[in-house]
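A look at the structure
Read off the chains here:
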Amino acid sequence: MKEYIYPNNLKARAGLWLWSLRDLVLVGIMAMISLFLFVNLGWIVPMAMTMCYSFMTIRLDDITVVDFIRYAVKYFISTQQYFEWRSEY
């Protein structure tokens, strides 16, 4: 008899450590390219951009840092807030 183990959330995206698999593959490719550019040309900017992208795509509880920043900008800047003031009298 075979026993199958399923994840708790079957609709969740596949992930490894703190990133989705797509982001992890992109970070790996970007890291190899930036390491090549750093070793051969001495450019540090691509490595910094790779580190920034890897930080921005960290996924915790199905939300990334980019999503959190987008929601904060939408809440505080781009979406009008509605306030209703009532007097106590």
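The structure we're discussing is the one just above.
Described in the following lines is the structure provided in the data block. (Residues numbered from 1 in each chain as written. Predicted model: local features only at pLDDT ≥ 70, side-chain atom pairs only at ≥ 80, totals over all residues. Heavy atoms only, no water.)

1. Examining a nonpolar patch on the surface
Taken together, Ile63, Phe68, Ile69, Tyr71, Val73, Tyr75, Phe76 and Ile77 make up a surface patch of nonpolar side chains, about 890 Å² in accessible area. For the nonpolar patch, the element with the highest residue contribution is helix α3 (residues 65-78), accounting for seven residues. Position of Phe76 among the secondary structure elements: in helix α3. (Patch = residues over 30% accessible without salt bridge, like charges linked within 9 Å, V, L, I, M, F, W, Y side chains within 5 Å. Areas by Shrake-Rupley, 256 points an atom, 1.4 Å probe, with all protein chains shown as cover. Salt bridge = Lys/Arg side-chain N within 4 Å of Asp/Glu carboxyl O. Helix = DSSP H or I, 4+ residues; strand = E, 2+ residues; numbered from the N terminus.)

2. What about helix α2 (residues 45-56)?
For α2, which comprises 12 residues, the first-to-last C-alpha distance of 16 Å matches the rise-based estimate of 16 Å (1.5 Å per residue) to within 8%. All buried positions along α2 are accounted for by Pro46, Thr50 and Ser54. Down the axis of α2, the sector holding all buried residues measures 75°, keeping them to one side. The outward face of α2, more than 90 degrees from its buried face, is lined by the exposed residues Val45, Met49 and Met51. (Expected span 1.5 Å × (residues − 1). Buried < 20%, exposed > 50% of the residue type's maximum accessible area, 1.4 Å probe, protein only. Arc of directions from axis to C-beta.)

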